[in-house]
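Each chain, letter by letter, is given below.
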Amino acid sequence: QVQLVESGGGLVQAGGSLRLSCVASGSIFRLVTMYWYRRAPGKQRELVAAITSGGSTNYTDSVKGRFTISRDNAKNTVYLEMNSLEPEDTAVYFCHLRTSPYHYWGQGTQVTVSS
């Protein structure tokens, strides 16, 4: 069983920055790809960024150049550094881990960007 706990969300003005953190329990963290998803009001859940166990990263086009995903395997933590935030980034952000056939989600952290 894996537990994921996100933190770092909040209210920020457009152009501002936030850093999200997600701490995972258990020993598999360093072996798996970690994901950040978000769900905006009235929209489907969207993959924002991913980082492999080796540190390779991928981003959805709308956040490229503004968001950075990173991980600290010693702390079982994945981060999402968000800069130049836009009102369109307002959403609940979730971290996600999968180890077939299981999927694990955190409770989410709210990010609200005011214009």
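First, a word on scope: everything that follows refers to the structure included in this document. As the structure is a computational prediction, the values presented were derived from the model and not from experiment.

Cut-off values and rules
- Residues numbered from 1 in each chain as written.
- Predicted model: local features only at pLDDT ≥ 70, side-chain atom pairs only at ≥ 80, totals over all residues.
- Heavy atoms only, no water.
- Helix = DSSP H or I, 4+ residues; strand = E, 2+ residues; numbered from the N terminus.
- Rg over C-alpha atoms; globule rule 2.2 N^0.38 Å.
- Buried < 20%, exposed > 50% of the residue type's maximum accessible area, 1.4 Å probe, protein only.
- Core = buried A, V, L, I, M, F, W, Y, C linked by side-chain atoms within 4.5 Å.
- Phe/Tyr/Trp six-rings, centres within 6.5 Å; stacked < 30°, edge-to-face > 60°.
- Disulfide = S-S within 2.5 Å.
- Pairing = 2+ DSSP bridges.
- Contact = heavy atoms within 4.5 Å.

1. Topic: the overall build of the chain
- Of regular secondary structure, the chain possesses zero helices and 11 strands.
- N-terminal to C-terminal, the α/β element order of the chain is β-β-β-β-β-β-β-β-β-β-β.
- For the chain, whose C-alpha radius of gyration is 13 Å, the value lies close to the compact-globule estimate of 13 Å for 115 residues.
- C-alpha atoms of the chain, sized along the principal axes, occupy 40 × 25 × 20 Å.
- Expressed as a percentage of its 115 residues, the buried residues of the chain come to 42%.

2. Structural notes on the nonpolar core
- L4, W36, V78, L80, M82 and Y93 are the most contacted members of the largest nonpolar core, which totals 29 residues.
- When residues of this core are traced back to their parent elements, those giving at least two are β3 (18–24), β4 (34–39), β5 (46–51), β7 (67–72), β8 (77–82), β9 (91–99) and β11 (109–114).

3. Brief notes about the packing of aromatic side chains
- As enumerated under the stated definition, the model contains four aromatic pairs in all.
- Ring centres of F94 and W105 lie 6.4 Å apart, and the angle between their planes is 85°; on these two criteria the pair is classed as edge-to-face. On the criterion of sequence distance, the pair formed by F94 in strand β9 and W105 in strand β10 (residues 102–105) is long-range, its members being 11 residues apart.
- When its relative accessible area of 32% is taken as the criterion, W105 is described as partly exposed.
- With a centroid separation of 6.4 Å and an interplanar angle of 35°, the aromatic rings of Y102 and Y104 are classed as tilted.
- Under the relative-accessibility criterion, Y104 is labelled buried at 12%.

4. Concerning the state of the cysteines
- Taken as a whole, this structure holds one disulfide when the rule is applied.
- There is a disulfide in this structure between C22 and C95, and the S-S distance comes to 1.9 Å. An S-S torsion of about 50° defines the bridge between C22 and C95 as right-handed. Remark: C95 occurs in strand β9 and C22 occurs in strand β3; sequence separation between them is 73 residues.
- Here C95 falls in the buried class, since its relative accessible area comes to 0%.

5. Details of the pairing of β3
- Counting buried positions over the seven residues of β3 gives five, a clear majority of the element.
- One ladder, built from four bridges, connects strand β1 (residues 4–7) with β3; its direction is antiparallel. The residue bridging E6 from the neighbouring strand is C22, located in β3.
- In the sheet, β3 pairs with β8 via six bridges, with the strands oriented antiparallel. When the sheet's bridge partners are listed, L18 is paired in β8 with M82.

6. Describing the environment of V12
- Within the secondary structure, V12 is located in strand β2 (residues 10–13).
- In this structure, the C-alpha to C-alpha distance between V12 and I69, residues 57 residues apart in sequence, is 19 Å.
- Ignoring any residue separated from it by four or fewer positions in sequence, one finds V12 in contact with S17, L18, L85, T112, V113 and S114.

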